[in-house]
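Examining the three-dimensional arrangement
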Amino acid sequence: MSASLAFARRLASGTPIPDPVALVVAHADDETLWAGTALPRLSGLILIHLTDSAPADMADAARLGFATRADYARARSDELDAALAVLDARPRRIAYGLPDQEAVAHLPDLVARLAHDLTDVAAVLTHPYEGGHPDHDTAALAVRKAAARIGDRTGRAPALAEFACYHRHAGTRRFGHFWPDAGCPERVRPLDAAERARVAQAIAAHRSQAAVIDGWCPQAERWRPAPAYDFTAPPPPGASLYDGFGWSITAARWRRLAEAVAA
């Protein structure tokens, strides 16, 4: 915990971090929305995307006018390129290319691949387990299990920290805040006017997601050491936001698929 807390504090300090660090996110735009000002400060950053940000069912793609899932995935990647350019961030990027909403079905392979790709990093930053999106929860679980595997193999597991994204709160979606965990106090970094403007411009580059983002832009970024979650239990908010979306993946099914890895 001490190394993870120290890493969270460094993220909140606003100072450059030259150490080898990995940011593991579910979708193109997660890094922009929740960690935008940190990206240019992480000079040794590896940015790993678990999915290609395009669901297999084509509902989102068709609504946005894309003829194929591949076209939609390519547009999401192009938007990411533009956002990173605005932020002046130059990470080494790795794309696992899984369909959006389906990462949990590939958990064993994800853990194995992350255990390889994260071997030489000092710290990993990823999503919390809060039931906001099934791929966010999959990232939280897969990173933790991969880090444990690295620790078993090398005797040195990377520090683990989280960024605040979104979860269900009072029946709606709450952006940019953690569900509180008394054992893992958050570190908050308020953004100044110039930073808010730059992050807003980078978020705007994710044009296809405008309706989902709905004008939100962070006033602060929040970091904390990763708590000791029970991934076989419902997420800390008690209910998963995505159970209200009508998707084929439900929180109950997510936990069933996660059990073999989470146990």
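That block above? That's the structure.
Before going into details, it helps to say that this report is about the structure given with it.

Cut-off values and rules
- Residues numbered from 1 in each chain as written.
- Predicted model: local features only at pLDDT ≥ 70, side-chain atom pairs only at ≥ 80, totals over all residues.
- Heavy atoms only, no water.
- Helix = DSSP H or I, 4+ residues; strand = E, 2+ residues; numbered from the N terminus.
- Buried < 20%, exposed > 50% of the residue type's maximum accessible area, 1.4 Å probe, protein only.
- Polar contact = N/O pair within 3.5 Å; in protein donor to acceptor, adjacent residues only side chain to side chain.
- Contact = heavy atoms within 4.5 Å.
- Phe/Tyr/Trp six-rings, centres within 6.5 Å; stacked < 30°, edge-to-face > 60°.
- Lys NZ or Arg CZ within 6 Å of the ring centre and 35° of its normal.
- Expected span 1.5 Å × (residues − 1).
- Pairing = 2+ DSSP bridges.
- Axes fitted to C-alpha atoms, helices over the stretch in contact; angles between N-to-C directions.

**Considerations on the side chain of Thr126**
Along the polypeptide, Thr126 turns up in strand E4 (residues 123–126). Thr126 sits in the buried class, given a relative accessible area of 5%. At 2.7 Å, the side chain of Thr126 and the backbone oxygen of Val24 are in polar contact. Discounting chain neighbours no more than four positions away, the residues touching Thr126 are Val24, Ala139, Ala140, Val143, Ala161, Glu162 and Phe163.

**Looking at the environment of Pro227**
Note on placement: Pro227 falls in the loop between strand E9 (220–225) and helix H9 (251–262). With relative accessibility at 2%, the residue Pro227 sits in the buried group. Considering only alpha carbons, one finds Pro227 and Glu162, 65 residues apart in sequence, at a separation of 8.9 Å.

**Digging into the packing of aromatic side chains**
A complete count under the given rule lists 12 aromatic pairs for this structure. With centroids separated by 5.7 Å and ring planes inclined at 80 degrees, the aromatic side chains of Tyr129 and Tyr229 adopt a geometry described as edge-to-face. Of this pair, Tyr129 sits in the loop between E4 and helix H6 (134–154) while Tyr229 sits in the loop between E9 and H9, and the two are 100 residues apart along the sequence. Ring pairing ties together the aromatic residues Trp34, Tyr166, Phe175 and Trp216, which thus form one cluster. Looking at Arg173, its charged tip hangs above the ring of Tyr166, at a distance of 5.3 Å from the centre.

**Notes on H6**
For H6, built from 21 residues, the straight-helix expectation of 30 Å at 1.5 Å per residue is met to within 8% by its first-to-last C-alpha distance of 30 Å. Where H6 ends, the next residue or the one after it, Gly155, has phi of about 80 degrees, a positive value.

**Some thoughts on the sheet that holds E9**
Pairing in this open sheet of 7 strands is mixed, and the strands run E3-E2-E1-E4-E5-E9-E8 from one edge to the other. The strands lining the two open edges of the sheet, one partner per strand, are strand E3 (92–100) and strand E8 (187–190). In this sheet, neighbouring strand axes are inclined to one another by 25 degrees on average, regardless of whether the strands run parallel or antiparallel. Of the strand pairs in this sheet, strand E2 (residues 42–55) and E3 are connected by 6 bridges, and their pairing is parallel. Note that in E3 the partner of His49 across the bridge is Ala95. The strands touched by helix H5 (residues 107–117) are strand E1 (17–25), E2 and E3; relative to E3, the strand with the most contacts, the crossing angle is about 175 degrees.

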